Amino acid sequence: MRRNSFPSIYSFLLGTVFTAGFGTLAPMASAESGTIVLADHPVRMLSFDTANTYHKGSVELSLGTSQANPDTASGTGNQLYYGGGSYAVNDRLMLGMDLHNYVDPVGGLIGGALPDVHMTTLAGWGKYQLYSGDRFSVSALGSIENFLELESPLFGGDASGTTIGALKLPVSYDVSSDLQLHFVPALYYMPSTVNGVDFYGTIASLGFGATYRASDRWALFGTVDAPISGTNTIASDGSYEKTPVWSVGARYNVSPKAALEGYVTNGIGMTPATSVLTFWPEGDEPLIGMRLVYTPGANRPNSYRGAPAPLTARQRTVQQDGFTMGSADVSEPGDVRVSAWYGSDNQAGALLSISPDRDGEFQFIVEQYSDNATADQSLVPTSDARYMLGPKLRLMDQNNGDSFSLSARALYGRRIDTTQRIGVFFAELIGSYKASNGAIFTVNPKVAAFGDTEIAGLGLGVNYAVFDGLDLIAEVTPVALDGSDFTWAAGLRYTVGNSGFSIDAQATNAIGRYGIGGMVAQDDTRVSLTLSKVFNVLR
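Below or above, wherever it landed, is the structure these notes cover. This structure is a prediction, so every number in the text was calculated from the model and none was measured. (Residues numbered from 1 in each chain as written. Predicted model: local features only at pLDDT ≥ 70, side-chain atom pairs only at ≥ 80, totals over all residues. Heavy atoms only, no water.)

Our next topic: a negative patch on the surface. Judged by side-chain charge, Asp 376, Asp 485, Asp 523 and Asp 524 come together as a negatively charged surface patch. Looking at where Asp 524 falls in the secondary structure, it is placed in strand S33 (residues 521-536). (Patch = residues over 30% accessible without salt bridge, like charges linked within 9 Å, V, L, I, M, F, W, Y side chains within 5 Å. Areas by Shrake-Rupley, 256 points an atom, 1.4 Å probe, with all protein chains shown as cover. Salt bridge = Lys/Arg side-chain N within 4 Å of Asp/Glu carboxyl O. Lys, Arg positive; Asp, Glu negative; His and termini not counted. Charge placed at Lys NZ, Arg CZ, Asp CG, Glu CD. Helix = DSSP H or I, 4+ residues; strand = E, 2+ residues; numbered from the N terminus.)

Our next topic: the environment of Gly 267. Inspection of the secondary structure puts Gly 267 in the loop between strand S19 (258-265) and strand S20 (287-294). With 20 residues separating them in the primary sequence, Gly 267 and Ser 247 have C-alpha atoms 7.6 Å apart.

Next up on the list: the nonpolar core. In terms of nonpolar packing, the biggest core is built from 38 residues, with Val 117, Phe 155, Phe 199, Tyr 200, Ile 234, Ile 268 and Trp 280 touching the most fellow members. Breaking this core down by element, the ones donating at least two residues are strand S4 (79-88), strand S6 (116-132), strand S7 (136-152), strand S9 (163-168) and strand S11 (179-189). The element best represented in this core is S11, accounting for three residues. The contact partners of Phe 199, leaving out residues within four places of it in the chain, are Phe 147, Leu 150, Phe 155, Met 190, Pro 191, Ser 192, Thr 193, Val 194 and Tyr 240. (Core = buried A, V, L, I, M, F, W, Y, C linked by side-chain atoms within 4.5 Å. Buried < 20%, exposed > 50% of the residue type's maximum accessible area, 1.4 Å probe, protein only. Contact = heavy atoms within 4.5 Å.)

A word on unusual backbone geometry. Backbone phi values are negative for most residues with the exception of glycine, while trans is the configuration of most peptide bonds. With an omega of -10°, the peptide bond between Trp 280 and Pro 281 qualifies as cis. Tracing the backbone shows Pro 281 in the loop between S19 and S20. Unusually for a residue other than glycine, Asn 346 sits at a positive phi of about 60°. Secondary-structure assignment places Asn 346 in the loop between strand S21 (335-343) and strand S22 (347-357). According to the relative accessible area criterion, Asn 346 is partly exposed, its value standing at 36%. Of note in the backbone geometry, Leu 481 takes a positive phi value of approximately 60° without being a glycine. Assignment of secondary structure puts Leu 481 in strand S30 (residues 479-481).

Quick look at the pattern of salt bridges now. Going through the model one piece at a time under the given rule, you end up with 21 salt bridges. The partner of Lys 392 in a salt bridge is Glu 361, and the shortest N-O contact between them spans 3.9 Å. Of this pair, Lys 392 sits in strand S24 (residues 385-396) while Glu 361 sits in strand S23 (residues 360-368), placing them 31 residues apart in sequence. By the burial criterion, Lys 392 is buried, and Glu 361 matches it. Ionic contacts of the salt-bridge type, sharing partners, join the residues Arg 305, Asp 359, Arg 394, Asp 397 and Asp 402 into one network.

With respect to the secondary-structure elements, Ile 516 resides in the loop between strand S32 (501-510) and S33. Each C-alpha atom of the pair Ile 516 and Val 424 lies 7.8 Å from the other, and the pair is 92 residues apart in sequence. In this structure, Ile 516 is in contact with Tyr 369, Leu 379, Pro 381, Val 424, Phe 426, Ala 448, Phe 450 and Ile 455, ignoring residues within four places of it in sequence.

Written out as structure tokens, the structure reads:
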């Protein structure tokens with residue numbers, strides 16, 4: 001039985017498509033000048049649709065994950081990965097696609113066992129606003145979807161290729177400019193059997209929801225979708241029954257173009273047709289999740305902080321990550337950074353970082369950790385090549401009025417070898433303060449987990465400009481939980497004028513640069529060199 005499943009090829013494609021959309025869809029977005037659509041009531045809360053639609057030309061891209069409680073499942077628990085995008089053809093018509101992927105055991109015993117479920121769903125959908133008045137709006141949504149992968153003993157084996165769909169009629173009512181109520185009758189089509197065993201069948205439901213805008217940047221939401229006919233839940237004895245699907249959460253607009261949502265739900269589907277399904281079994285275990293929403297468009301404001309101050313050469317240099325710690329700064333809009341490094345103990349890697357807009361960038365990393373045997377092997381997920389991908393969002397910017405800079409980053413990674421794809425979750429906060437003497441002090445709390453292993457660390461670093469173009473970098477990261485030995489790194493970075501090239505030389509006891517690699521120590525000191533180049537695709 002497979003455990004600790006992190007993004008499969010489908011999840012990797014989610015990140016690839018999301019990032020590709022940064023560069024390809026943003027120029028297409030031509031929504032009304034100055035419109036911040038994320039400040040409006042949402043067109044969808046997770047997979048619960050409202051009657052709202054975006055303005056003509058608006059593009060939305062989203063990427064998220066839901067996580068079961070690790071204490072009730074093996075390893076780091078069970079995860080759902082999902083993403084999608086939509087385009088507003090006009091003020092009434094939206095077209096979109098969604099993809100979600102779950103490859104893990106169920107959350108609890110079903111028939112005395114913990115069967116695996118492999119479920120990857122691709123959906124195409126359209127929403128048309130039938131009526132829009134002063135307070136009421138009514139829309140119709142339809143989807144056609146396919147289980148690209150559907151395999152489990154629960155479903156009699158492999159049922160991939162099964163087609164499903166949904167019809168919804170969301171109604172939204174404005175109680176006030178800040179409070180909106182939603183009512184959604186819906187009909188979901190699924191076959192009643194697959195491979196000769198029971199399946200969900202056709203389901204009719206009534207959904208109820210509310211959204212509250214606490215400010216231009218904060219919003220709260222809650223939903224419940226109650227089946228009135230058909231069954232949407234697999235019980236612990238393997239039978240099918242009805243259970244309401246619910247969610248509660250909040251959205252914070254990091255910038256006028258990007259928002260981060262946090263939520264709790266008992267649902268397992270993030271497409272229109274699977275939105276009525278609960279997590280197995282019983283639908284009584286909540287999942288927590290996060291979703292990143294991005295709405296590109298050249299006409300939208302770039303930041304809530306107003307026009308940015310001109311960037312100095314020093315400020316641009318420190319947008320690059322350190323040796324084992326991240327940078328609280330974010331690359332300029334349109335910047336693409338590529339890096340490659342190699343060092344002793346066969347440690348090597350490459351990075352591609354893309355910054356579509358101010359206050360956000362997306363990173364792809366391929367890294368092979370050190371194969372030095374003195375590292376605690378229980379803390380090393382693999383010394384084979386593995387990929388990591390994820391966003392970094394800037395929450396505060398000292399360069400433009402804040403007292404210090406603060407960013408958050410999450411990386412989802414997996415061993416590339418498909419025979420044993422060990423996955424690791426990594427998240428961190430990066431805070432920095434720029435002193436008047438040219439020194440930058442960084443505090444970097446972070447956590448990583450795979451299998452039954454959990455490591456927490458507190459990175460402490462300093463970057464000092466010796467002279468223009470030459471930085472002295474020193475970092476140390478005490479660790480806790482399953483980790484015991486602190487990591488350190490020290491070295492020099494030289495930036496070659498305005499060429500965009502830089503070279504690093506460092507010594508460290510960490511087995512890697514990114515993710516959990518910067519938190520695992522070996523006894524022997526390693527040395528490595530890094531070559532980086534940054535260029536801007538918008539200039």
